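Notes for the structure review
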Amino acid sequence: YRLYHGSPFERILLRILLPWHVTNYDLVIASSIQHAVQASQFFFVSMHDVVETGSPRTDILFKTTNQGSYNPATRWIQKCRHNGRMVCLYMPTFRDNRTPAFPFSWRELDEICARQQISIIIRLHPVDRSNSEIKEITHSKHLYLHARQEDPALLFGDTDCMITDYSSAVYDYM
């Protein structure tokens, strides 16, 4: 029928505004046992009618593989860890109006990171084409620009925190 982006909150809103939109389901899928309990309540179905399937966006976190060791971002994280640095992941959401998701100086942020023993991986939204300050990031010592073609979920388990605004990726990170 419909897959919901990021979390069940959109579904809750539809349940309030359009109650006929969320009834009469035979089967509901959920990404985890916790989400299954919520889905049972949100969709008015018994737990027997909820199937825990995982989530394509995060299932990779539960696989045992050496794939990450060949990832340039993973090697950068390992280098930061070796130097005793905390590693954060910054993932701003996409802005349709093409305004920058980062109204600050990358140079100043790099200086703050140096003082605080922090390194930041910047992962822009895949469809974000704002390139105005990319050069400033790539020349930073404590900031790393994550390649658009690489899966950011590979970084979730290796970083200490995520910084975002209203991106649904925070639900995957938790």
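Refer to the structure presented above.
This section reports on the structure supplied with the text. (Residues numbered from 1 in each chain as written. Predicted model: local features only at pLDDT ≥ 70, side-chain atom pairs only at ≥ 80, totals over all residues. Heavy atoms only, no water.)

**Digging into the pattern of salt bridges**
Threshold: Salt bridges are defined as contacts in which a side-chain nitrogen from Lys or Arg sits within 4 Å of a carboxyl oxygen from Asp or Glu. Helix and strand assignments come from DSSP, with helices taken as H or I runs of at least 4 residues and strands as E runs of at least 2, each series counted from the N terminus. Note on classification: 1.4 Å probe, protein chains only; a residue is buried when its accessible area is under 20% of the maximum for its type, exposed when over 50%, partly exposed between these limits.
Throughout the structure, instances matching the rule amount to 2 salt bridges. Measuring nitrogen to oxygen at the nearest pair gives 2.8 Å for the salt bridge that ties Asp160 to Arg81. Here Asp160, found in the loop between α6 (153-156) and β6 (161-163), pairs with Arg81, found in helix α3 (residues 72-82); they are 79 residues apart in sequence, far enough to count as distant. Between Glu111 and Arg107 there is a salt bridge whose closest N-O contact spans 2.9 Å. Of this pair, Glu111 and Arg107 are both found in helix α4 (residues 106-116), 4 residues apart, which corresponds to roughly one turn of the helix. In this structure Glu111 comes out as partly exposed when scored by relative accessible area, which is 37%. Here Arg107 falls in the partly exposed class, since its relative accessible area comes to 48%.

**Things to note about α4**
Applied cut-off: Directions from the helix axis toward the C-beta atoms define the arc. For the purposes of these results, a polar contact is taken to be a pair of N or O atoms within 3.5 Å, where, inside protein, one atom must be able to donate a hydrogen and its partner to accept one; residues adjacent in sequence count only when each atom of the pair is a side-chain atom.
Every buried residue belonging to α4 is among Trp106, Leu109, Asp110 and Cys113, and all of these are buried. The arc enclosing the buried residues of α4, seen along the axis, measures out at 100°, which places them on a common side. Its side-chain oxygen at 3.3 Å from the backbone nitrogen of Arg107, Ser105 defines the N-terminal cap of α4. Just past α4, the residue Gln117 takes up positive phi, approximately 60°.

**A look at the sheet that holds strand β3 (residues 86-90)**
Hydrogen bonds along the backbone pair up the strands of a sheet, which may run parallel or antiparallel. For clarity, the threshold we go by: At least two DSSP bridges between two strands are needed for those strands to be called paired. Axis definition: a line fitted to C-alpha atoms, limited for helices to the stretch in contact. Angles are taken between N-to-C directions and run from 0 to 180 degrees. Here, two residues are considered to be in contact whenever any of their heavy atoms come within 4.5 Å of each other.
Spatially, the 4 strands line up as an open sheet ordered β5-β4-β3-β6, and their pairing is parallel. A strand with exactly one partner marks an edge of an open sheet, and here the two such strands are β5 (143-145) and β6. Geometrically, the sheet is characterised by an average inter-axis angle of 25° between neighbouring strands, direction not taken into account. Sheet strands touched by α3: β3, β4 (118-122) and β5. Its angle to β4, the strand with the most contacts, is close to 170°.

**Observations concerning the environment of Ile121**
Tracing the backbone shows Ile121 in strand β4. Apart from the residues lying within four places of it in its own chain, the contact partners of Ile121 are Trp76, Ile77, Val87, Cys88, Leu89, Tyr90, Tyr144, His146, Leu155 and Thr159.

**Some words on α3**
An α-helical segment advances 3.6 residues per turn. Residues three or four places apart therefore align on the same side. Residues of α3 that are buried: Ala73, Thr74, Trp76, Ile77 and Cys80. All buried residues of α3 lie within an arc of 160° about the axis, which places them on one face of the element. Summarising the geometry of α3, the exposed residues directed more than 90 degrees from the buried face are Lys79 and His82. Among the residues trailing α3, Gly84 stands out with phi positive, at a value near 75°.

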